[in-house]
Amino acid sequence: MTSRLLTVGFDLDMTLIDSRPGIHACYVELSARTGTPVDADLVVTRLGPPLEEELVNWFPAERVPAVADLYREIYPATAIAPTLALPGAREAVAAVRRAGGRAIVVTAKYEPNAKLHLEHLGIEPDAVIGGLWAEQKAQALREYGAQVYVGDHVGDVRGARAADALSVAVASGPCDEEALRTAGADVVLTDLTAFPAWLSEYTERDARFSAENGPGGAAYPASPRA
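Residues numbered from 1 in each chain as written. Predicted model: local features only at pLDDT ≥ 70, side-chain atom pairs only at ≥ 80, totals over all residues. Heavy atoms only, no water.

Caption draft 1: Expanded view of the packing of helix H1 (residues 20-34) against helix H4 (residues 64-79). The contact between H1 and H4 brings their axes to 9 Å, and the two run at 130°. Overall, the two elements H1 and H4 adopt an arrangement that is oblique. Considering only the axes of H1 and H4, their crossing is right-handed. Along the contact surface, H1 presents Gly22, Ile23, Ala25, Cys26, Tyr27, Glu29, Leu30, Arg33 and Thr34, while H4 presents Val67, Leu70, Tyr71, Ile74, Tyr75, Thr78 and Ala79. For the contact of H1 with H4, the residue count by class is 11 nonpolar, three polar and two charged. (Axes fitted to C-alpha atoms, helices over the stretch in contact; angles between N-to-C directions. Helix = DSSP H or I, 4+ residues; strand = E, 2+ residues; numbered from the N terminus. Parallel < 35°, antiparallel > 145°, perpendicular 65-115°, else oblique. Left-handed = near helix turned anticlockwise from the far one by under 90°. Contact = heavy atoms within 4.5 Å. Nonpolar A, V, L, I, M, F, W, Y, C, P; charged D, E, K, R; others polar.)

Caption draft 2: Inspection of the packing of aromatic side chains at higher detail. For the structure on display, the rule yields five aromatic pairs. Residues phenylalanine 10 and phenylalanine 195 carry aromatic rings whose centres are separated by 5.6 Å and whose planes lie at 70° to one another, so their mutual orientation is edge-to-face. Of this pair, phenylalanine 10 sits in strand S1 (residues 7-10) while phenylalanine 195 is found in helix H10 (residues 195-213), placing the two residues 185 residues apart along the sequence. Across the pair, phenylalanine 195 and phenylalanine 10 agree in class, each one buried. Pairwise contacts between aromatic rings join Phe10, Phe195, Trp198 and Tyr202 into one cluster. (Phe/Tyr/Trp six-rings, centres within 6.5 Å; stacked < 30°, edge-to-face > 60°. Buried < 20%, exposed > 50% of the residue type's maximum accessible area, 1.4 Å probe, protein only.)

Caption draft 3: Structural detail: the layout of surface pockets. For the largest pocket, the calculated volume is near 400 Å³. Residue lining of the largest pocket: 27 residues in total, with Asp13, Gly48, Pro49, Pro50 and Leu51 positioned closest to the centre. Among the elements of the structure, H1, helix H3 (51-55) and H4 are those that each provide at least two residues to the lining of the largest pocket. Of the residues belonging to the lining of the largest pocket, the class tally is 12 nonpolar, five polar and 10 charged. (1 Å grid on protein atoms, 1.4 Å probe; cavity = no way out; pocket = protein on both sides within 12 Å on 5 of 7 lines; lining within 4 Å. Points joined across faces, edges and corners; volume = space filled by probe spheres on them.)

As structure tokens, this is what we get:
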């Protein structure tokens, strides 16, 4: 028996990428095309939940499906170019690879657009799974055997816990450190720049635990909350 492959899942918006400029531009264009006022400045302060949950604040419920389709249609031309990688994003994915693991992205974002972001920024995970929010993320995390899930939102913490994965939270999005801890995050980091050092410590502890308890055993317990 051998230890299972280290698999780390990452959220996308405000975890790996700062999508606020692109999403802001997309909502401005959406407002212009539909003739419906949308406060794009407000929208980008609460990224994380599915698109439809935001649109219902601005459009009648019966219009939301059609407006969501329009948003996703105009997204590639308006939202990809302005979006930047967050500090430490590329290094975090590289750290997983250096540890002999694989990195996957599990996001609520429409999957084709999520892939466009990653391709544009030169971030190359081993898999991208879109359209999953909060506890739904556990579906993909379990399918890929993820031991760790990294995200910026309390919904990401819930997804990790539902998958019995270690919840590593980064305070780079709309939820501050206190909110992430209260939601049950196992580890809270300021941002992804701290992730490679944390992962190195985690894998070293896991290796020691496996050596003491035999290969193929359960992973080392979560480190104390950072």
